[in-house]
Structures are given as structure tokens and as C-alpha cells.
Amino acid sequence: MRTGAENLLKAATNQKVREQVRLELSFLNSDLQMLKEELEGLNISVGVYQSTEEAFTIPLIPLGLKETKDVDFSVVLKDFILEHYSEDSYLYEDEIADLMDLRQACRTPSRDEAGVELLMSYFIQLGFVESRFFPPTQQMGILFTWYDSLTGVPVSQQNLLLEKASILFNIGALYTQIGTRCNRQTEAGLQSTVDAFQRAAGVLNYLKETFTHTPSYDMSPAMLSVLVKMMLAQAQESTFEKICLAGIQNEFFMLVKVAQEAAKVGEVYRQLHTAMNQEPVKENIPYSWASLACVKAHHYEALAHYFTATLLIDHQLKPGTDEDHQEKCLSQLYDHMPEGMTPLATLKNVHQRQQLGKSHLCRAVTHHEESVREASLCKKLRNIEVLQEVLSAAHQRSRLKYTQLREDDDLLNFIDVPDINSKTEREVEIILPQFSKVTVTDFFQKLGPLSVFSANKRWTPPRSIHFTAEEGDLGFTLRGNSPVQVHFLDPYCSAAVAGAKEGDYIVSIQDVDCKWLTVSEVMKLLKRFGQNDIEMKVVSLLDATSSMHSKCATYSVGMQKTYSMICLAIDDDDKTDKTKKISKKLSFLSWSAKNRQKSASTLCLPSVGVRVAGPPVKKKLPSPFSLLTSDSSLY
């Protein structure tokens, strides 16, 4: 509506019309702004998904899940199964229903590990679906609609990439909600919080690097970079809380450690606040998020100065104290000491320690006042009582300590203290999503191995080949893994005459599905039905160059290592009747005596038949489809 009104304003020449359009635009923009604020309150509220335990801690920021519309896969997938795979689509109704049920369940996942596993299962399943039904050069006609989690703007595409990217975003968002719900009053709860935010950062970073052209603002590379920073900052904050959980002992070296840890948290939030105020994310980052990042930056910088002041004021250098260690710690606390001061001299001079400590307290009070002011400027932060209580308590503590030490000439002796060097014992890192730990079964595995039966390959409809094994000889060999291929086809054999071709994939034998069977399993089937007329269904890839496997099953001992094929013989070669008239022409597969050794490179399964006693018969020369020679063996 706004776009139409703006276009009308540009095109209209009548002054009254232009004034009316301007008035309508102002109302429309006002309504849109109100709607945006309401949506922000629903999707990006800092107060939701927090731990139910009463805690005196600053709230963490969770991400809201992206919403979506219903999608009906049934018609499109059924048509594709019939047209592309030449199979009865009604045989896959249950599988399509399972896919749609899984997607529906992903719209309202539980906020725990089971919910994460559910979303990951659907994401992996989408990979199978994409390979099976979404050719790279063809639109399938399924419209996916997802709403931006920050702005509420709907985005629709017929591309499955939007679906996959949105599910990934929701996995990251779910991790943030798990992290905020953890009990931060226990060590195990804080560790779970750190882990959840590190995993959220890993998923969002994976999304940024994998899906670089998503049309939704919340999944743009710039926005995802900011969100990753926010997750790592919250993980670092939880690490600081874990260090302080058991209590902070008023001891010199402990205070040095805590001061630098607090400075680290303040630093990462300062960097986050700077990133949130950069274009192009500035317009879409919620104001409450940016405000809270600024509040935390000031709050933790204030804590760093407070703990530094405490270690300087409360701990005097006494005989027997480890002077060298204290001197080293104090020198590492700053990039440079204040002008005219050295670490050891400051530690030994009580007056200098007091003055430097009080100057740090002044910096702490200043940062506390700024954090309270920033929180008061944001309506949503003003309504979070625990946040106001934490900021106020920290502010009062610093003011009280300074009041107890204040002297009339403090302003004259004020020292411009440097910032505290940030340091942490545990630098938080991104934890990449571990999809391999989730076991998922392809819903449509009945279509056959994905390496062959996929959307980006085309083949002929299944052809029925009716043939018989002549003299125990099929006339072809088998090669490859599932699905098995016809190889070394005698052009005069029964199967070739019936229409079989080299490179054909065998999809069924006597109505038994063979797409997932191995060479040995297909051979057993052929042997079982070999006494009768055999019906074999095959398909041929239209791109013949890609239909042949690069390797076969075996090679022979004693020969140069070359790949060979597995062959089949049904009957014993002595079963040949001398009186039978052979009408089959000799082909390139009829080998002479000098080629007998070459047959050693061909593996054939021996017949299970028993030799019947009788008059000796003259043996035929071995063919590549006959019995296994004595000098062949499995590799």
C-alpha cells in the first residue's frame, strides 16, 4: 500500500490529490511503525524465555523463531515421482505425509535438545528431498513463505534454499532460548548457558557462510555477523558469571583476575554495540538490543575499575609479600602505568595506591551512571525489574566505597587512570553444528540409491527384458554397487536380443526390487529364477558417459592390478548336450585357447549343481560368463 501511494504521489499533478496522498501516507507510515513496535515486543523481547529461577542476574537476549505458512508437498511430489521416476506415486503417500508432519512439528519445537534434534532431522531430510525432487534448472511450483524474525516482513520463494536457511536460523534461535532458560545460579546451568550460546553462534555462522544470498534481512551476511558477535558476547558474560559464582575472595591476585575478566566482557559488548550501529544492520537491529549491549559494556567496564580499586586500596604490601608477583600482575593490568608511576613504587607507596584506587572508583561510578542512564532511555529495559536492581546495586556499592575514602583535595590529586587490559582464562569459541550425530533415514529411499536416482539425472522408463540362460550362460556380466549394472553384454545373447544394453541399471527381477541390492544379491536372484524365463526390468541413463562405474568388484591374483567384473553361471558347464545344435553365432566373447589365461581376470560364481556320472564329453573353452578358474580369487 505504501509503495502504491508513493508511486501515486510521484505521478499525480493535481495538488489536492497530492495533499490527500501525503495525508494517507503519513497515517500509513504511523500504523506501520506501531505495528513494527508491537512485533518487536512479541519477537525480540528481552524478557521472554528467561529462566524461571529467581536470579539476581542481567537478562540475556534470545532470538525469536521464524514463522512460516503451511506447505503442501503432495501434488508436486506425486507428479514428479510419476513423471521423473516412472513409479506409481500412490505408493509414496505415507512418505509424503511423514515429510509434511515433520515440517509441521518443526513450527513449534520444544525448547530443549529434543527440539534441536527435530529441526536438525528436518534440515537433513530437506537435503534428501532437494536431491530427489528439485532439479537445479527447474522450479517445482512449491512456494515457501517465511517471516523475518526481526521485521515481520514475509519472504516467499520456490527455492528450497529459503526453507533450509530458515530452519538453520531456527536451530540457532532455539539454542539461544535454551541458553536463556538455563539456571544461572548453578555451575552446571552456567556451563549449559555457555555451551548453548556457542552452539547458536556456530549455527548462525554456518548459515552465513553457506547461504549467502538469502532475501530475508535477519539472514543477511551483515546481520548474521552481528548475531554471531552477540551470541559469543553472551557466552563470555556467562563465563564471567561462572568464575564469580562461588564468590569473589578479597584477595589481591583473585581481584586482578576478576577485574580483567570483567574488562573482557565489557570489551566484547563494546564491540557488539559498535557493530549494531553500523549500516546496513542499524535500521533493523531492535533498539532494546542495542541499548542492552551499551548498558552491559558500561556495567562490566565499571566492575573492572571497581575490582582494580579494591585490590589497590584494601591490600597493602606487607613484609613477606610476594612483591615480584604483585608487581608483574599490576604491570599487566594496564597497557601503561599512569604518568609518573611505576608498578613497584606504587605498590610500596600507600598514598599513591589510595589515590590510584580512588581514581578507579571515580571511573567505575561514571560507567555505572552511564549504564543506568542508557537503561532508563529504553522503555523495554525500564520494565525489566531485575536489570534495574542489578545496575542500581552495583552503582551504590561503588559510590559507597568512594564516599568512605573521599577527601577534600581528591579533585586536585585526581589521576587519569588508563583502561584495564582485558584477559580471560577461557576464550569462548564457535561450536559448529554436528549434523552427523543425528541419524536420519531418507523418507524416499525406495526410489533407489541417491547417487543414481536423483532429480539431476534423467533416464529411460523401465524396460522389461525377458530372457533365458542359454547353456548356463546369461550372456552378460554384472558390475558396480547398488544399483547393479549390466556389463560385457554379448550382442547375440537372449538378453541383448530382448533389448538389454551395456550400462543398464537393473531395477527389478521377477518383480523383486533390486535398486538397493548388491552384485552378490542380484546374482542369487538370477540363480534362483535361472531355470525359467527371467523377467528383468532395466533403465538407461540418457547421459551414457556417466552411467558406467569407474571400478568393479575384484581383480585377479598374479596379474597386473586391473579392475574386473563379477560374472555369473547358472548351470554346470558339463551339462551341455553334445547333440544340441548351436545356432548362436560366435562373437567377440568366444575365446580361443590362447586366451584361456585371460579369463583368470573374471570372477564367476560356480554352479551349485552336482556332476552326474556319464560318458566323458568334450569340454567347451571357458567364456567370461562361465565358472571361476582355479587361479582367481577375491581381492
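Each remark here, short or long, concerns the structure printed above.
A brief look at the structure comes next. Note that this is a predicted model, so its numbers are computed, not measured. (Residues numbered from 1 in each chain as written. Predicted model: local features only at pLDDT ≥ 70, side-chain atom pairs only at ≥ 80, totals over all residues. Heavy atoms only, no water.)

Following Glu 279, the chain continues to Pro 280 via a peptide bond in cis, the omega torsion being 5°. In this fold, Pro 280 is placed in the loop between helix 9 (252–276) and helix 10 (287–314). A cis amide bond, omega -10°, links Ser 482 with the succeeding residue Pro 483. Mapped onto the secondary structure, Pro 483 falls in the loop between strand 4 (477–479) and strand 5 (485–487). In this structure, Asp 511 takes a positive phi of about 65° despite not being glycine. Mapped onto the elements, Asp 511 comes out in the loop between strand 6 (505–509) and strand 7 (512–513). You can call Asp 511 exposed: its relative accessible area is 63%. (Helix = DSSP H or I, 4+ residues; strand = E, 2+ residues; numbered from the N terminus. Buried < 20%, exposed > 50% of the residue type's maximum accessible area, 1.4 Å probe, protein only.)

You can see His 368 is positioned in helix 13 (residues 350–377). Engagement of the side chain of His 368 in a polar contact is seen with the backbone oxygen of Ala 394, the distance being 3.5 Å. If we ignore the near neighbours within four places in the chain, the residues touching His 368 are His 299, Ala 302, Leu 303, Ala 394, His 395 and Ser 398. (Polar contact = N/O pair within 3.5 Å; in protein donor to acceptor, adjacent residues only side chain to side chain. Contact = heavy atoms within 4.5 Å.)

Our next topic: the packing of helix 4 (residues 93–106) against helix 5 (residues 113–133). Closest axis-to-axis distance for the helix 4/helix 5 pair is 10 Å, and the angle between their directions is 140°. Of the possible angle classes, the one that applies to helix 4 and helix 5 is oblique. The two elements helix 4 and helix 5 cross, and the hand of that crossing is left-handed. Residue-level inspection shows Leu 99, Leu 102, Arg 103, Ala 105 and Cys 106 of helix 4 in contact with helix 5, the latter providing Leu 118, Leu 119, Ser 121, Tyr 122, Gln 125 and Val 129. Considered class by class, the residues forming the contact of helix 4 with helix 5 number eight nonpolar, two polar and one charged. (Axes fitted to C-alpha atoms, helices over the stretch in contact; angles between N-to-C directions. Parallel < 35°, antiparallel > 145°, perpendicular 65-115°, else oblique. Left-handed = near helix turned anticlockwise from the far one by under 90°. Nonpolar A, V, L, I, M, F, W, Y, C, P; charged D, E, K, R; others polar.)

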